[in-house]
Structure formats: structure tokens, C-alpha cells
Amino acid sequence: MFKKFTESEIRDSGKLKSSDQRKIRNAIADQYPLLVDHMEQIMPKKAEIQVAKCEGKINVVCIEHVPVFYNVRDGPYYPTLRVHHQYPFCMPTMRVDAGAIKFVLSGANIMCPGLTHKNVVDELAAKPVPNDTPVAILAEGKDVSLAIGHTCMDSKDIIGVNKGIGVTVVHTLRDGLWMSPKLEP
């Protein structure tokens, strides 16, 4: 989604009314209940919140021009990798084997065999994840996420079927959003 993202793709950006800010904060708090205690650090009430509307109906929520969350149309909010690195407990995680890392970093979707490799399948079986859930992707043997995506099937189906796309990747390290620490149109 952000593979070739640049600031020139921002069509509109503006400060939100306080009622719209509350709606976004509440939507994020509902979606990520583990972040409720940390919302004041992530999205301070006194800070200026903007939404950068980009091509492809992507909305990037920025705090003083720093991207913190994004969504597509009215879909679920995803934290940026910078936010996830600060609060790694905020969303479910899935681990890929070492052979899939270079493909994930290039923005490829994660196939089921990359999630069910013998070195990572036990973790997947221990933490069931439903279909269409935002997840953070970690590399085998690492504790820092390298991508954010959403599941295309639940974890039981990923293990059972073991074919097809398991996770659709939407944001990775070194993509356009990662390389743009501030968005100032």
C-alpha cells in the first residue's frame, strides 16, 4: 500500500474539529483496547491532529505532522510501525520464517507456508487470530515488527490449508510511510 508512497500523493490535509478527533480516538481505542491507557502519549488531547487524505482513499492520522495511524476508506485503523515499535503489545502478532523476510520487506503478501514453517508454527497455533484482523509481522528470532498487515484467513485455516495468501501486507520497514517520518504537504 505504501511501497512507493511519497508526500506528493497527499491530496488534502487539514486540522480536525474536536468532535472528529474524539471519533478517531474512540475508534482507535475500541479497536485496540490495550492502548487505552497509552492514548494520551500517542494522541495527546492538546496536540494538533491532522488527517492526510492520500490517493487510493488512504487516510493517515498525524499528530503534529507525524503519522501515527492510517486506514483505507472507513476500514480498520492500523498503527504505523513507529507506533507499534513503541507499543508492541497493542495488536496480535504473527511470525514469518527467515526465508520470507526479504519478500515481506519488499511488500509482498505473506503466503501460508511462510507462517507455518516448523520454526514458527507452534507460536501461530498457540495464539489463534481470527480472519481479517490487523496483525504485526515479526521475523523468526526477532522481537521487533517488520510489517503490518491483516489476515486473509484465521490461524486455524492458515495451518490447516497451508496454501494461498495468509496475510496481506499493508506497511513495511523501508516503504514510503516508514521513510517519511513527517508528512508536511
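Before any of the text, the structure's been laid out above.
These remarks concern the structure in this document. (Residues numbered from 1 in each chain as written. Predicted model: local features only at pLDDT ≥ 70, side-chain atom pairs only at ≥ 80, totals over all residues. Heavy atoms only, no water.)

Moving on: the sheet that holds strand 10 (residues 165–172). Strand order in the open sheet formed by 5 strands is 6-8-9-10-7, and the pairing between neighbours is mixed. The strands lining the two open edges of the sheet, one partner per strand, are strand 6 (93–96) and strand 7 (110–111). (Pairing = 2+ DSSP bridges. Helix = DSSP H or I, 4+ residues; strand = E, 2+ residues; numbered from the N terminus.)

The next point concerns unusual backbone geometry. At Lys 57, a residue that is not glycine, the phi angle is positive and equals roughly 60 degrees. Of note, Lys 57 is situated in the loop between strand 2 (49–54) and strand 3 (58–63). The exposure class assigned to Lys 57 is partly exposed, which follows from its relative accessible area of 47%. With a phi close to 60 degrees, Asp 132 is a non-glycine residue in the positive phi region. Within the secondary structure layout, Asp 132 lies in the loop between helix 6 (121–126) and strand 8 (134–139). (Buried < 20%, exposed > 50% of the residue type's maximum accessible area, 1.4 Å probe, protein only.)

On to the pattern of salt bridges, then. Here the structure, examined in full by the defined rule, presents 2 salt bridges. Between Glu 123 and Arg 95 there is a salt bridge; the shortest N-O distance is 2.7 Å. On the criterion of sequence distance, the pair formed by Glu 123 in helix 6 and Arg 95 in strand 6 is long-range, its members being 28 residues apart. Take Glu 123: its relative accessible area is 25%, and that puts it in the partly exposed class. (Salt bridge = Lys/Arg side-chain N within 4 Å of Asp/Glu carboxyl O.)

Further remarks concern the pairing of strand 9 (residues 145–151). Most of strand 9 is tucked away: 7 of the 7 residues are buried. Relative to strand 9, strand 8 runs antiparallel, the two sharing 5 bridges. Paired with Ala 136 across the two strands is Ile 148, which belongs to strand 9. Two successive antiparallel strands, strand 8 and strand 9, enclose a turn made up of 5 residues, where Gly 141 displays a positive phi of approximately 85 degrees. Inspection of the sheet shows strand 9 paired to strand 10 by 5 bridges, in the antiparallel sense. Pairing of Gly 149 across the sheet is with Val 169, part of strand 10.

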